[in-house]
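Working through the structure, step by step
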Amino acid sequence: MLVLVVLYIALPVQMAVDRDFTSASIMRNNPTLDPANLDFAVNAAIVYAIVLHALDVVLVVWFVLKALQGRRWARIALTVYLVIATLASYISAAAGSEYWWAVISGNVIHLAMIAALWLPASARAFFAAHRRHSG
């Protein structure tokens, strides 16, 4: 989870710190954009990334903390969140190859977390034990 949170923070930081990087990505996808609107588009993209990734951080931390308490709903919600985040990451992949580092590493972490929630016998036993104690 901590590596995923760092990754979620790293992309908007990169976009904000290296505005030429963000600008080049936007221009490649919108070659007719005039310079006056480019600055607005860069700022909008950075704000969008910050807000979206801040929400991602809050959700993933909350779901993980609740799952660690044995909440079955959190296990399911975290799984759904991770599947949606994996699918949504392809929006970043379509924006340009410079974002692939975030897409690939994020998706590897998403899939590893899903596997850790469902595949090990210890994870299944953990949630089963909490189900018996809560009923």
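Residues numbered from 1 in each chain as written. Predicted model: local features only at pLDDT ≥ 70, side-chain atom pairs only at ≥ 80, totals over all residues. Heavy atoms only, no water.

**Quick look at helix α4 (residues 72–95)**
Taking 1.5 Å per residue, 24 residues should reach 34 Å; α4 reaches 36 Å between its end C-alpha atoms and fits that length. If you check which residues of α4 are buried, you get A74, R75, L78, T79, Y81, L82, A85, T86, S89 and A93. At the exit of α4 stands G96, carrying a positive phi of roughly 150°. (Helix = DSSP H or I, 4+ residues; strand = E, 2+ residues; numbered from the N terminus. Expected span 1.5 Å × (residues − 1). Buried < 20%, exposed > 50% of the residue type's maximum accessible area, 1.4 Å probe, protein only.)

**Digging into a nonpolar patch on the surface**
A contiguous nonpolar surface patch, about 490 Å² in accessible area, is contributed by I76, V80, I84, W118 and L119. The greatest single-element share of the nonpolar patch, amounting to three residues, is contributed by α4. For I84, the location among the structural elements is in helix α4. (Patch = residues over 30% accessible without salt bridge, like charges linked within 9 Å, V, L, I, M, F, W, Y side chains within 5 Å. Areas by Shrake-Rupley, 256 points an atom, 1.4 Å probe, with all protein chains shown as cover. Salt bridge = Lys/Arg side-chain N within 4 Å of Asp/Glu carboxyl O.)

**Here's the deal with the packing of helix α3 (residues 35–68) against α4**
Orientation of α3 relative to α4, taken along the N-to-C sense of each, is 150°, at an axis distance of 8 Å. Handedness of the crossing formed by α3 with α4: left-handed. For the pair α3 and α4, the contacting residues are D56, L59, V60, W62, F63, V64, K66 and A67 in the first and W73, A74, R75, A77, L78 and Y81 in the second. Classifying every residue of the contact of α3 with α4 by side-chain character gives 11 nonpolar, no polar and three charged. (Axes fitted to C-alpha atoms, helices over the stretch in contact; angles between N-to-C directions. Left-handed = near helix turned anticlockwise from the far one by under 90°. Contact = heavy atoms within 4.5 Å. Nonpolar A, V, L, I, M, F, W, Y, C, P; charged D, E, K, R; others polar.)

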